[in-house]
Amino acid sequence: MNEPRDSPQRRKQFLVICAIMVVMTLHAALTAGILATITIAPGQFPGGEFVYKFMTKDYAASTGTLRTVSSDLGILEDGGSSNLIIAEDEEGFEKLDTADLLYSILLDDPSFIPGGETRFASGVLLKESSSNNNGGKMKKLLLEDANALIAKEGKEGGTHSKDVKYEVGRLPKVKAAVAQHPFTAGAFSAILQSYKIIPKFKQYAKDHGKSGQSPVIIATCSAKQKMCTYYMPLAKRDAFYMGKPTMEKYASTFDDASMLERMGVESFGGINFGKVGRGIKRMLGMGGSSSSSKEEKKDEL
């Protein structure tokens, strides 16, 4: 028996489904800490040798990159709802939290960089206090074994974290602003990271006379506590770029990007927003540089 689409029974079913979806969305948002307060306090970033994958993607991809790192190290993932990375001992019984081992360094301010073009480095931080034996073993697994496998399979140069080779750099031990915030590795956590946590650190930097430079944010997450610890170095910021261009230099390469491009929308309906933006700038006397002309000619080719 077929009921009409506008029957009371169908409407009731639709309302029940909508109510369930709203409840699930609210639960996910609350679990991710949408109402949690952020208290930033003085602290210290431990520093050490950092073996990492350097990625140019949305910051949400940092969680997947850490999964790749954990897989290359032979670390198992938790089967629980948090989906965060944890390890087990040799007997397979005790689960060990990898907070303070796996880190992501968020190098750019998303408000200045087009969508999907932000840079981050995710990997293993081998602190000075770490066992030389364990640290050396992990370093070999990543820099030698994992990199050799990538080269052997001919995947080098791809955009997926599995196709990017490991690099190594040294991070200084410095004073830092430190805060904690709930984390679930879901969509809400990624949104809150960009629109709640990073702006909070930017405001802290401004309030404490550090507003001259875009802050670098470092995160390490605890599977047991479902909590991330965030660091904002208060000294030697450029050292955390590990030889890569600073945010200010990197952002200057996007000077001609339109607002839509910064949101990750390059074109729509055949309209190239970059060309439109450059044309408007020239009309208003704000552009016309040789670099813009070269870019436009390149686009036409």
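Parameters and conventions
- Residues numbered from 1 in each chain as written.
- Predicted model: local features only at pLDDT ≥ 70, side-chain atom pairs only at ≥ 80, totals over all residues.
- Heavy atoms only, no water.
- Helix = DSSP H or I, 4+ residues; strand = E, 2+ residues; numbered from the N terminus.
- Contact = heavy atoms within 4.5 Å.
- Areas by Shrake-Rupley, 256 points an atom, 1.4 Å probe, with all protein chains shown as cover.
- Core = buried A, V, L, I, M, F, W, Y, C linked by side-chain atoms within 4.5 Å.
- Buried < 20%, exposed > 50% of the residue type's maximum accessible area, 1.4 Å probe, protein only.
- Disulfide = S-S within 2.5 Å.
- Expected span 1.5 Å × (residues − 1).
- pLDDT = per-residue confidence, 0-100.
- Phe/Tyr/Trp six-rings, centres within 6.5 Å; stacked < 30°, edge-to-face > 60°.
- Lys NZ or Arg CZ within 6 Å of the ring centre and 35° of its normal.

## Regarding the overall build of the protein
Step number 1: Along its length, the protein carries eight helices and 12 strands.
Step number 2: Residue pairs at least 24 apart in sequence account for 73% of intrachain contacts in the protein once pairs closer than 6 positions are excluded.
Step number 3: Taken as a whole, the protein presents about 17300 Å² of accessible surface, with 56% of it coming from carbon and sulfur.

## Thoughts on the nonpolar core
Step number 1: Ranked by size, the top nonpolar core spans 24 residues in total, and within it Phe45, Phe50, Ile105, Leu171 and Ile218 carry the most contacts.
Step number 2: If you list the elements that add at least two residues to this core, you get β2 (48-56), β5 (102-106), β6 (119-126), β8 (174-182) and α5 (247-252).
Step number 3: Counting 20 residues, the second-largest nonpolar core is a separate cluster that includes Ile197, Phe201, Ile217 and Met232.

## Thoughts on the state of the cysteines
Step number 1: Across all of its chains, the model carries one disulfide by this definition.
Step number 2: Residue Cys221 pairs covalently with Cys228 via a disulfide, S to S 1.8 Å. Sign of the S-S torsion, about 85° for the bond between Cys221 and Cys228, identifies this disulfide as right-handed.
Step number 3: With relative accessibility at 21%, the residue Cys221 sits in the partly exposed group.

## Looking at helix α2 (residues 61-72)
Step number 1: The end-to-end C-alpha separation of α2 is 17 Å, in line with the 16 Å expected for 12 residues at 1.5 Å each.
Step number 2: Those residues of α2 that sit buried are Ser62, Thr63, Thr65, Leu66, Thr68, Val69 and Ser70.
Step number 3: Count one or two residues on from α2 and you reach Gly74, which has phi positive near 80°.

## A short note on the confidence of the model for the protein
Step number 1: Chain-level statistics for the protein give a pLDDT mean of 77 and a share of 68% at 70 or above.
Step number 2: Low confidence marks residues 79-89, where pLDDT is under 50. Its contacts with residues over four positions away, or in another chain, come to 40 contacts.
Step number 3: Within the model, the stretch residues 286-301 combines pLDDT values under 50 with 12 contacts to residues more than four positions away or in other chains.

## Things to note about the side chain of Thr65
Step number 1: Following the sequence through the fold, Thr65 ends up in helix α2.
Step number 2: Relative accessible area serves as the criterion here: at 1%, Thr65 is assigned to the buried category.

## So, the packing of aromatic side chains
Step number 1: Within this structure, the stated rule accounts for six aromatic pairs.
Step number 2: Where Phe45 meets Phe240, the ring centres are 5.6 Å apart and the plane angle is 70°; that geometry is what we call edge-to-face. Of this pair, Phe45 sits in strand β1 (residues 41-45) while Phe240 sits in the loop between β10 (227-233) and α5, and the two are 195 residues apart along the sequence.
Step number 3: Note on Phe45: relative accessible area 0%, which makes it buried.
Step number 4: Using a relative accessible area of 0% as the deciding quantity, one classes Phe240 as buried.
Step number 5: Taken together, Phe45, Tyr103, Tyr231 and Phe240 form an aromatic cluster joined through their ring pairs.
Step number 6: Across the ring face of Tyr166, the terminal group of Lys53 is positioned such that the distance to the ring centre comes to 4.3 Å.
Step number 7: When the ring centre of Tyr250 is taken as reference, the NZ or CZ atom of Arg119 above it lies at 4.0 Å.

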